[in-house]
Amino acid sequence: MSVLIIEAFYGGSHKQLVDLLQEDLENCVLYTLPAKKWHWRARTSALYFSQNIPMSEHYRILFASSVLNLTELVALRSDLGKLKKILYFHENQLVYPVKKCKERDFQYGYNQILSCLVADVVVFNSVFNMESFLTNIGKFMKLIPDHRPKDLESIIRPKCQVIYFPLRFPDVSRFMPKHKTRHLQKMLNLKGNGSAASTVALPFQREQGSSENLLKNSDIEPGPCDAAKEENLGSSFMPESYLKTCNSSKNSSSRHGEKEQNPYDSLSGGDDQPRPLHIVWPHRWEHDKDPESFFKVLMHLKDLRLNFHVSVLGETFTDVPDIFSESKKALGSSVLHWGYLPSRDDYFHVLCRADVVVSTAKHEFFGVAMLEAVYCGCYPLCPKDLVYPEIFPAEYLYSTPEQLSKRLQNFCKRPDIVRKHLYKGEMTPFSWAALHGKFRSLLTTEPREDL
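(A) Main features of empty space enclosed by the protein. A full pass over the atoms with the stated rule returns two cavities of 30 Å³ or more. Reported here for the largest cavity is a volume of approximately 80 Å³. Along its surface, the largest cavity is lined by Trp38, Ala42, Ser66, Val67, Leu68, Asn69, Gln93, Tyr108, Asn111, Gln112 and Ser115. For the lining of the largest cavity, the secondary structure elements donating two or more residues are helix 2 (38–52) and helix 5 (106–118).

(B) Looking closely at the pattern of salt bridges. Enumeration according to the criterion identifies 18 salt bridges in this entry. Residue arginine 419 is joined to aspartate 355 by a salt bridge in which the shortest nitrogen-to-oxygen separation is 2.8 Å. Linking arginine 419 in helix 18 (residues 415–419) with aspartate 355 in the loop between helix 14 (344–353) and strand 11 (356–358), this pair joins segments that are 64 residues apart in sequence. The buried category is assigned to arginine 419, whose relative accessible area is 5%. Under the relative-accessibility criterion, aspartate 355 is labelled buried at 2%. A cluster of three or more residues bridged by salt bridges with shared partners is formed by Asp24, Glu26 and Arg440.

(C) Representation of unusual backbone geometry. In this structure, lysine 37 is a non-glycine residue whose phi angle is positive, near 50 degrees. Locating lysine 37 in the fold gives a position in the loop between strand 2 (28–34) and helix 2. Its relative accessible area of 62% is what places lysine 37 among the exposed residues. One non-glycine residue, aspartate 290, lies in positive phi territory at about 50 degrees. Here aspartate 290 lies in the loop between strand 8 (277–281) and helix 12 (291–303).

(D) Structural view of the packing of helix 1 (residues 12–24) against helix 19 (residues 432–443). Two elements in contact, helix 1 and helix 19, have axes separated by 11 Å at closest approach and are oriented at 70 degrees. With respect to helix 19, the axis of helix 1 lies roughly perpendicular. Counted together, Leu17, Leu20, Leu21 and Asp24 of helix 1 and Trp432, His436, Phe439, Arg440 and Leu443 of helix 19 form the full contact between these two elements. Here the contact of helix 1 with helix 19 is built from residues that sort into six nonpolar, one polar and two charged.

(E) Spotlight on the packing of aromatic side chains. With the rule as written, the count across this model stands at 30 aromatic pairs. Relative to tryptophan 338, the ring of tryptophan 285 has its centre 5.8 Å away and its plane inclined at 70 degrees; by these criteria the two rings are edge-to-face. Separated by 53 residues along the polypeptide, tryptophan 285 in the loop between strand 8 and helix 12 and tryptophan 338 in strand 10 (residues 335–338) bring together distant segments of the chain. Since its relative accessible area comes to 7%, tryptophan 338 is described here as buried. Arranged with centres 6.2 Å apart and planes meeting at 35 degrees, the rings of tyrosine 388 and phenylalanine 392 form a pair that is tilted.

(F) The pairing of strand 5 (residues 121–124), seen in detail. Residues Val121 and Val123 of strand 5 are buried on one face, and the alternating residues Val122 and Phe124, pointing to the opposite face, are buried as well. With four bridges connecting them, strand 4 (residues 84–89) and strand 5 associate as parallel partners. The residue bridging tyrosine 88 from the neighbouring strand is valine 123, located in strand 5. Where strand 5 lies against strand 6 (residues 160–162), three bridges are found, and the strand directions are parallel. Across the sheet, the residue bridging to valine 122 is cysteine 160, located in strand 6.

(G) Structural view of the pairing of strand 1 (residues 3–10). Most of strand 1 is tucked away, with seven of its eight residues classed as buried. Examined bridge by bridge, strand 1 and strand 2 share six bridges and lie parallel to one another. The residue of strand 2 that forms the bridge with isoleucine 6 is tyrosine 31. For the crossover from strand 1 across helix 1 to strand 2, the handedness is right-handed. The pairing of strand 1 with strand 3 (residues 61–65) spans four bridges and is classified as parallel. Bridge pairing in strand 3 links valine 3 to isoleucine 61.

(H) Seen up close, the nonpolar core. Within the largest apolar cluster, 132 residues are counted, with the highest numbers of intra-cluster contacts made by Phe392 and Leu408. In terms of residue count, the dominant contributor to this core is helix 15 (residues 368–375) (seven residues). When near neighbours in sequence (up to four residues on either side) are disregarded, leucine 408 contacts Leu277, Ile279, Val297, Leu301, Val356, Val358 and Leu381.

(I) Highlighting the state of the cysteines. On inspection of all chains with the given rule, the structure shows zero disulfides. No disulfide involves cysteine 160; its sulfur sits 5.9 Å from the nearest other cysteine sulfur, which is in cysteine 116. When its relative accessible area of 14% is taken as the criterion, cysteine 160 is described as buried. Not part of a disulfide, cysteine 378 finds its nearest cysteine sulfur in cysteine 376, a span of 6.6 Å. Judged by relative accessible area, cysteine 378 falls into the buried class, the value being 3%.

The rules behind these values
- Residues numbered from 1 in each chain as written.
- Predicted model: local features only at pLDDT ≥ 70, side-chain atom pairs only at ≥ 80, totals over all residues.
- Heavy atoms only, no water.
- 1 Å grid on protein atoms, 1.4 Å probe; cavity = no way out; pocket = protein on both sides within 12 Å on 5 of 7 lines; lining within 4 Å.
- Points joined across faces, edges and corners; volume = space filled by probe spheres on them.
- Helix = DSSP H or I, 4+ residues; strand = E, 2+ residues; numbered from the N terminus.
- Salt bridge = Lys/Arg side-chain N within 4 Å of Asp/Glu carboxyl O.
- Buried < 20%, exposed > 50% of the residue type's maximum accessible area, 1.4 Å probe, protein only.
- Axes fitted to C-alpha atoms, helices over the stretch in contact; angles between N-to-C directions.
- Parallel < 35°, antiparallel > 145°, perpendicular 65-115°, else oblique.
- Contact = heavy atoms within 4.5 Å.
- Nonpolar A, V, L, I, M, F, W, Y, C, P; charged D, E, K, R; others polar.
- Phe/Tyr/Trp six-rings, centres within 6.5 Å; stacked < 30°, edge-to-face > 60°.
- Pairing = 2+ DSSP bridges.
- Right-handed = clockwise from strand over helix to strand, strands pointing away.
- Core = buried A, V, L, I, M, F, W, Y, C linked by side-chain atoms within 4.5 Å.
- Disulfide = S-S within 2.5 Å.

Structure (structure tokens):
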């Protein structure tokens with residue numbers, strides 16, 4: 001039990017990471033709090049853990065996400081302060097989007113800075129996350145009216161490194177349609193590659209050649225349509241939960257997500273024309289993911305009388321923006337799936353059947369959902385901002401909502417083009433197979449000499 005893992009917000013990507021670490025490490029113990037009321041976890045979890053983590057002489061390393069106020073914890077528990085302390089940033093509060101500057105709670109960012117000062121190693125899930133945090137410390141501290149601390153970036157930076165968030169890619173071969181066979185073969189090669197991410201690099205910051213611009217052109221010359229060669233979606237592709245859904249009424253709903261149409265029928269195109277383009281938006285239903293921009297683009301596609309289907313997935317919380325209920329009604333029969341799918345099989349099944357995955361995020365420090373969708377063969381469209389240029393090649397980035405709309409218009413007119421596309425980026429640097437060695441090395445380093 002030499003590694004003590006603490007997660008104050010045990011849900012989503014935070015849960016995925018510590019579960020992987022606990023599974024991979026032999027001598028570790030995990031203490032968590034449920035992923036609810038994030039602000040209260042950030043404020044008070046240190047005191048809770050100080051009272052509920054038993055004393056042990058076997059601990060050598062403490063690993064925690066930046067939700068925890070590490071400074072408070074080690075002040076309350078001097079025995080834990082002696083450990084090698086590793087702080088992992090899934091996100092940072094210095095650039096987390098707020099509607100108005102006055103709404104930003106200074107304490108959250110301040111706590112993260114203090115936690116970095118007491119940590120021995122600070123790990124970020126992307127270069128964007130690390131640099132946006134470090135380079136904004138000075139500006140952030142100017143919010144203090146007087147007697148400001150100095151040189152904090154230069155103190156913290158030497159402790160920092162990037163280890164990408166590790167994705168364990170599941171076997172989705174049973175869900176893959178025939179036109180994604182080549183993509184599936186490429187993805188299956190990830191499983192055995194454990195050394196491709198030995199260094200932190202920006203793997204995809206390169207320009208695509210002019211010969212690859214077909215998917216970006218606004219005027220695509222018509223060509224032969226491969227619709228007749230596309231998959232025949234038989235029941236062998238459907239997980240049991242989907243078969244039950246298909247046999248129920250057209251408007252039946254799962255525990256969290258609703259199937260607005262029979263997926264079996266909707267995904268099977270007619271004999272004379274390809275299936276409509278299937279767009280998926282798999283993000284949290286919150287304002288920082290900018291659903292307003294996404295739905296505005298979709299409504300423009302509707303106004304142009306373009307045919308498409310949409311699946312709006314992702315988790316919901318207490319306050320759901322009104323735009324979701326309004327858009328669901330406005331989109332009508334274009335909706336295939338609406339809401340969170342608690343079954344991972346159902347979730348990956350939808351991603352495998354989709355054609356395009358869209359992000360309109362105002363905030364993203366990594367983007368698990370986008371990479372999962374790309375793994376399932378979706379063509380990504382992301383803002384040319386935030387972490388996305390670090391993850392995706394240039395051809396998958398857009399600069400304005402108008403550019404996003406134009407790209408989707410083209411895909412609606414020629415869905416066969418996007419279905420024949422083979423993703424040009426790399427996935428290996430983000431796979432658990434490639435990254436587990438770096439995490440293991442981080443968490444099995446020799447303890448500090450003063451223990």
